[in-house]
Amino acid sequence: MPVDLRPLGVAVGMLLAWAIPAAADGCGRMTHDGQGYVVCEVSAAQEPALRLWQDGPDGQPLRNFANVRATLGQGESLSFAMNAGMYHADYRPVGLLVIDGVELQPIVTGESRDNFGMLPNGVFCTGGARPFQVIESRAFAAARPDCRLATQSGPMLVIDGDLHPRFLVDSDSRYIRNGVGVSPDGQTAWFAISDRAVTFHEFGRLFRDGLGVRDALYFDGSISRLYAPGVNRADFGRSLGPIIGLVDGAE
């Protein structure tokens, strides 16, 4: 019988995660399998300060980090932010979007040929039974768990400790990619973006082997953006749909 090295790999991954040099905003640089990433860590205690944005006060999509920052209250600042899921041409989310417990867009459970519909896909949920969860979309639709914030995207990167079955080691599909993974106890969420173009397989291994997570969700690729002043990142480019970030000074 072959020896299962997964527990050892997870332990090593957690050591790597703890070694991420944290900036003031909780973001730091990390190298895994020769690829560079920025990883932003959010603890359970910080969950109430995590926000998800779609529209501004005028009802129009915010589309960029500058507009998100303009919505902040007095004494608040944006610690970090990134795009948080796929969207249509009008910047509306493709799948489920829940902000402050209000469902703004319903969940989508059907398969499609794009990355979003590469089943299994999933939902990142905060403020529910656990501070952070990544839940497969059809399981989410059946259970309808409570979430303060929720965003759906796809594909899942890691599913119960395994990489998505359609990821290829030798794939030539490379993009700058971003996503989120959750610690096994649901007490920590890691938001990551690659420095350079990576495959799905490489990005999934960052979460599974580098950070020791058992469930992780892909947000997007090619348009992926990060705002993290602590690591001198203020990316610009194409307009974005949903945006997620951590607010400093939030009550």
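What counts, and at which threshold
Residues numbered from 1 in each chain as written. Predicted model: local features only at pLDDT ≥ 70, side-chain atom pairs only at ≥ 80, totals over all residues. Heavy atoms only, no water. Salt bridge = Lys/Arg side-chain N within 4 Å of Asp/Glu carboxyl O. Helix = DSSP H or I, 4+ residues; strand = E, 2+ residues; numbered from the N terminus. Buried < 20%, exposed > 50% of the residue type's maximum accessible area, 1.4 Å probe, protein only. Pairing = 2+ DSSP bridges. Phe/Tyr/Trp six-rings, centres within 6.5 Å; stacked < 30°, edge-to-face > 60°. Lys NZ or Arg CZ within 6 Å of the ring centre and 35° of its normal.

For the chain, the name recorded in an unreviewed UniProt entry is Phosphodiester glycosidase domain-containing protein, with Paracoccus haematequi as its organism.

*Asks:* For the pattern of salt bridges, give the residues involved together with the corresponding values.
*Replies:* Pairing between side chains of opposite charge can happen when the charged atoms of each approach one another. One pass over the full model with this rule turns up eleven salt bridges. Across the salt bridge formed by R51 and E76, the nearest N and O atoms sit 2.6 Å from each other. One end of the pair, R51, is in strand β3 (residues 50-53); the other, E76, is in the loop between α2 (65-70) and β4 (77-83), with 25 residues separating them in the sequence. The shortest N-O distance in the salt bridge between D195 and R233 comes to 3.8 Å. Of this pair, D195 sits in the loop between β13 (188-194) and α4 (200-210) while R233 is found in strand β16 (residues 233-234), placing the two residues 38 residues apart along the sequence. Shared partners join several salt bridges into a network, and the residues in it are E47, D100 and R148.

*Asks:* Give a description of α4 that names residues and reports values.
*Replies:* Residues spaced three or four apart along an α-helix point in a common direction, a consequence of the helix completing one turn every 3.6 residues. Where burial is concerned, most of α4 is hidden: ten out of the eleven residues are buried. Buried residues of α4: F200, H201, E202, F203, G204, R205, L206, F207, R208 and G210, and no others. G212 sits one or two positions beyond α4 and adopts a positive phi of about 75°.

*Asks:* Tell me about unusual backbone geometry, and please be specific about residues and values.
*Replies:* In this model, L119 is joined to P120 through a cis peptide bond whose omega is 0°. Cis geometry marks the peptide bond from G154 to P155, where omega comes out at 5°. Turning to its location among the elements, P155 is positioned in the loop between β9 (149-153) and β10 (156-159). For D33, which is not glycine, the phi dihedral falls at a positive 50°. For R63, which is not glycine, the phi dihedral falls at a positive 75°. Structurally, R63 can be placed in the loop between β3 and α2.

*Asks:* Quick rundown of the sheet that holds strand β17 (residues 243-248)? Include the residues and the values.
*Replies:* Strand order in the open sheet formed by five strands is β3-β17-β4-β15-β16, and the pairing between neighbours is antiparallel. The outermost strands of the open sheet, each flanked by one partner alone, are β3 and β16. Pairing of strand β15 (residues 226-228) with β16 involves two bridges; the strand directions are antiparallel. Bridging from a neighbouring strand, A228 pairs with R233 of β16.

*Asks:* Help me get a handle on the packing of aromatic side chains, residues and values and all.
*Replies:* Under the defined criterion, the tally for this structure stands at nine aromatic pairs. Ring geometry for F124 and F132: centres 6.3 Å apart, planes at 5°, overall stacked. Through successive ring pairs, a cluster of aromatic residues spans F80, F124, F132 and F191. The ring of F200 carries R177 above its face, with NZ or CZ at 4.0 Å from the centroid.

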